[in-house]
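One-letter residues, chain by chain:
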Amino acid sequence: MVRRIYTSTRRLKEGMRIDQAIVDRSGRVLIARGAPLDDYLIESLLKMGVMGVYIREGEEDPEELKNPEPEIPEQIQKTIEKTRVADPSKVKLSESVKARVSEGIQFLYSNTESEDFAEASNSITKDLMKAITDNQAIAVDISALKVSDEYTFKHSVDVATMAMIVGKKHGLSDTDVYNIGISGLLHDVGKSKIPNEILNKAGKLTDEEFALMKKHTLLGYEILKGKDEISEQISMGVLQHHEKINGKGYPLGLPEEKIHLFAKVLSVADIYDALVTERVYKKAYSQRDAVEMIMSMTGELDIGVMKSFMESVILYPVDCIVELSNGEKAKVVANKPGYILRPTVVGLKSGKVYNLAEDMNCASIIIK
């Protein structure tokens, strides 16, 4: 049986078979779907900034091998080129920056009492801010946020990066975008005080263990409140990022009007990244399912922040190949802000343009 698994590029090994085509901006196939990977191809993926791909595990399906991904006919390729609208600039982190950020975040979570704590927090945030401003980034490809293989560190950087982009879209000043980045990096710093056997427990937590886990927000606030270099708004983001606008969050069960904006932004980023990340006690949700879950949480998350999230993240990057519910494969040619699940695509057999966001004739068609 063949399984399709999303894998970090850095975890790829020679001989693995890729289960998606890698194409350039003009639609040329650089790596064919089903091709065996070697060290050269893996290194090429890293250089292209492809931080994760789908691989195929298990016995190959003979019928599938008889039908490789078809070349795109010239006329359909012309339609693709005519309708293609490049995605907005996305956050890109070089390998050297990723290594530096990963090392820095590990230092922070292991040295909460260090005199260099605030300086290290600022150094990491400056790297993230530079990546945003250098590329004039206004969006984030949510499949490409992979900085460290260790969950706590990767999660913290992913949440910080996403929160900065969403905060920018939401109208925060550059100073607030910078500060929410620090708050995102440190939002789970209280977990450094939680025993590892609870943090990484494979089974369900007991009521006592869950109560202790929920204290990480208070523990994080306690770590930060004694540091003069850390502002109150940064600390509020850390303390309140599990509060809900319906008053059913923790640690204080605050109503909507008493929850800091930083916490509202961090909450959306935190929930999304936690859903799509596999842990010892749970499997990862698909990116699509995670987005749909976020969209369903209107009673818990700030609607304005949720809207900014939907306008900031890219689920189906332009040029990727998707399968439609009508059975046709299609290439993504444009994304419409606010319609993260419904880009414009071109059918690879019919050449038909499906404007999933605006054409009512496409209302019943979804991306599988």
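Nothing here was measured: the structure is a model prediction, and the numbers come from that model.

So, on to the overall build of the protein chain. Along its length, the protein chain carries 14 helices and 11 strands. Of all 368 residues assigned to the protein chain, the portion counted as buried reaches 50%. Pairs at least 24 apart in sequence give 64% of the contacts found in the protein chain among residues at least 6 apart. When the accessible surface of the protein chain is totalled, it reaches about 18,200 Å², and 50% of it is carbon and sulfur.

This part is about the sheet that holds strand β11 (residues 353-355). Here we have 4 strands laid out as an open sheet, ordered β8-β9-β10-β11, and antiparallel in their pairing. Each end of this open sheet is capped by a strand with a single partner; those strands are β8 (321-323) and β11. The sheet shows a mean angle of 40° between the axes of neighbouring strands, direction not considered. Relative to β11, strand β10 (residues 344-347) runs antiparallel, the two being bridged by 3 bridges. Bridged to Thr344 within β11 is Asn355. The sheet contacts of helix α3 (residues 74-83) involve β9 (329-334), β10 and β11, and relative to β10 the element is tilted by about 170°.

Looking now at the pattern of salt bridges. A full pass over the atoms with the stated rule returns 11 salt bridges. The residue Asp19 makes a salt bridge to Arg56 at a minimum N-O spacing of 2.8 Å. Of this pair, Asp19 sits in the loop between β2 (17-18) and β3 (22-23) while Arg56 sits in strand β5 (residues 52-57), placing them 37 residues apart in sequence. The same class applies to Asp19 and to Arg56, which are both buried. A salt bridge links Arg288 to Glu292; its shortest N-O distance comes to 3.3 Å. With a gap of 4 residues between them, Arg288 and Glu292 both fall in helix α13 (residues 287-296), about one helical turn apart. Its relative accessible area of 16% is what places Arg288 among the buried residues.

Looking now at the packing of aromatic side chains. Per the counting criterion, the structure on display carries 1 aromatic pair. Measuring from centroid to centroid gives 5.8 Å for Tyr272 and Phe309, while their planes differ by 50°, and the two rings are tilted. Separated by 37 residues along the polypeptide, Tyr272 in helix α12 (residues 261-276) and Phe309 in helix α14 (residues 303-312) bring together distant segments of the chain. For Phe309, a relative accessible area of 0% gives the class buried. Taking NZ or CZ as reference, Lys227 lies 4.8 Å from the ring centre of Phe117, over its face.

Criteria and cut-off values
Residues numbered from 1 in each chain as written. Predicted model: local features only at pLDDT ≥ 70, side-chain atom pairs only at ≥ 80, totals over all residues. Heavy atoms only, no water. Helix = DSSP H or I, 4+ residues; strand = E, 2+ residues; numbered from the N terminus. Buried < 20%, exposed > 50% of the residue type's maximum accessible area, 1.4 Å probe, protein only. Contact = heavy atoms within 4.5 Å. Areas by Shrake-Rupley, 256 points an atom, 1.4 Å probe, with all protein chains shown as cover. Pairing = 2+ DSSP bridges. Axes fitted to C-alpha atoms, helices over the stretch in contact; angles between N-to-C directions. Salt bridge = Lys/Arg side-chain N within 4 Å of Asp/Glu carboxyl O. Phe/Tyr/Trp six-rings, centres within 6.5 Å; stacked < 30°, edge-to-face > 60°. Lys NZ or Arg CZ within 6 Å of the ring centre and 35° of its normal.

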